[in-house]
Amino acid sequence: MGNIVIFGTKAFAEIAHYYFTHDSPHTVAAFTVDAAYLKEPMYKGLPVVAFEEVERAFPPDEHGMFVAVGFHKMNQLRAETAARAEAKQYELASFVSSKADVAADLKVHPNTMIMERAVIQPFARIGKNSVIWSTSRIGFHSCIGDHCWITSALFGESVTVGDYSFVGLNATIASFVSLGRRNLIGAGALVLHDTKDGEIYRSRASRASRVKSDRLPHFGT
């Protein structure tokens, strides 16, 4: 599966194209989107074809596919699109950055992306169709479910993350905690106990000081 087609033409597709082009054995041959969203015939110098007809131009016996859809509807849209691609007999590609620190025996499931400087410790599991952003740290024996999106978060030992969950920037999940399915853990949140399905955890945002920055003439000196 040297040649692949990327589903999508937005920000995630752009970064997927960069990674697959510069740090993988795959060659990106084209992009595809649903016909209703096909606005331009080219993207990144490559053809964009309607998903309804993609197998005619780029047959699945010669091409794989990577579904670069974000975390819309708690990752449900990406999961549905991946299933549609598999129904067309496409093998779903995955990406593990050469600059990621992953256990040698990590099993990589279909349509998974592990970005640079992510740390996946031994005995951890990353589910299918999950995205692990840069600098995330997944502790020993932790299990990230299917269809998850992890954005530069910190997980202790033996953490379990339910399917379809989103964990935001710099969130911390304590060791031995189990997150339910479809959890939304906001940026900077600290989770110290098990959660139920469908729960949301937010961190308090910083508030602006009453003192203006021009009142600090010696700051940085």
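Scroll up a little and you will see the structure.
S.K.: Honestly, the overall build of the protein in this entry has me stumped. Any pointers?
M.R.: A tally of helices and strands in the protein yields three helices and 22 strands. Each principal axis of the C-alpha atoms in the protein carries an extent, and together these give about 60 × 45 × 30 Å. Scored against the burial criterion, the 221 residues of the protein give a buried share of 48%. Within the protein, contacts between residues at least 6 apart in sequence are counted, and of these 30% link residues at least 24 apart. When the accessible area of the protein is evaluated, it comes to approximately 12,000 Å², of which 53% is carbon and sulfur surface. Taking the average location of the 23 positive side-chain charges in the protein and that of its 22 negative ones, the two points are 11 Å from each other.

S.K.: Help me understand the environment of Ser94 in this model?
M.R.: Counting through the fold element by element, Ser94 comes out in the loop between helix H3 (76-87) and strand E6 (95-96). The spacing of Ser94 and Met113 is 19 residues in sequence and 5.7 Å in space, taken between C-alpha atoms. Ignoring any residue separated from it by four or fewer positions in sequence, one finds Ser94 in contact with Phe20, His26, Val108, His109, Pro110, Asn111 and Thr112. Side-chain polar atoms of Ser94 contact the backbone oxygen of His109, separated by 2.5 Å. Within polar-contact distance, the side chain of Ser94 engages the backbone nitrogen of Asn111 at 3.0 Å.

S.K.: Quick question: what am I supposed to make of the pattern of salt bridges here?
M.R.: Side-chain pairing between opposite charges can occur once the charged atoms of the two side chains come close. Throughout the structure, instances matching the rule amount to five salt bridges. Two residues, Glu55 and Lys88, come together in a salt bridge whose shortest N-O distance is 2.9 Å. Of this pair, Glu55 sits in helix H2 (residues 54-57) while Lys88 sits in the loop between H3 and E6, placing them 33 residues apart in sequence. Arg181 serves as the salt-bridge partner of Asp163, at 3.2 Å between the closest nitrogen and oxygen. In this pair, Asp163 is assigned in the loop between strand E16 (160-161) and strand E17 (166-167) and Arg181 in the loop between strand E19 (178-179) and strand E20 (184-185), connecting sequence segments 18 residues apart.

S.K.: I tried to follow the sheet that holds strand E22 (residues 200-201) on my own but got confused; where do I start?
M.R.: Strand pairs in the sheet, formed through backbone hydrogen bonds, run parallel or antiparallel to each other. Across the sheet, which stays open at both edges, the seven strands sit in the order E6-E8-E11-E14-E17-E20-E22 with parallel pairing between neighbours. Every other strand in the sheet has two partners, leaving E6 and E22 as the edge strands with one partner each. Bridge count for E6 against strand E8 (residues 113-114) is two bridges, and the pairing is parallel. When the bridges of E8 are listed, Val96 appears paired with Ile114.

S.K.: Help me understand the sheet that holds strand E5 (residues 63-67) in this model?
M.R.: The mixed open sheet is built from five strands, whose spatial order is E3-E4-E2-E1-E5. The open sheet has two edge strands with one neighbour each: strand E3 (42-43) and E5. Here strand E1 (residues 3-7) runs beside strand E2 (residues 27-33); their pairing, made up of five bridges, is parallel. Across the sheet, the residue bridging to Phe7 is Thr32, located in E2. Sheet strands touched by H3: E1 and E5. Its angle to E5, the strand with the most contacts, is close to 170 degrees.

Definitions and limits used
- Residues numbered from 1 in each chain as written.
- Predicted model: local features only at pLDDT ≥ 70, side-chain atom pairs only at ≥ 80, totals over all residues.
- Heavy atoms only, no water.
- Helix = DSSP H or I, 4+ residues; strand = E, 2+ residues; numbered from the N terminus.
- Buried < 20%, exposed > 50% of the residue type's maximum accessible area, 1.4 Å probe, protein only.
- Contact = heavy atoms within 4.5 Å.
- Areas by Shrake-Rupley, 256 points an atom, 1.4 Å probe, with all protein chains shown as cover.
- Lys, Arg positive; Asp, Glu negative; His and termini not counted.
- Charge placed at Lys NZ, Arg CZ, Asp CG, Glu CD.
- Polar contact = N/O pair within 3.5 Å; in protein donor to acceptor, adjacent residues only side chain to side chain.
- Salt bridge = Lys/Arg side-chain N within 4 Å of Asp/Glu carboxyl O.
- Pairing = 2+ DSSP bridges.
- Axes fitted to C-alpha atoms, helices over the stretch in contact; angles between N-to-C directions.

Without other data, these values stay purely geometric and don't point to any function.
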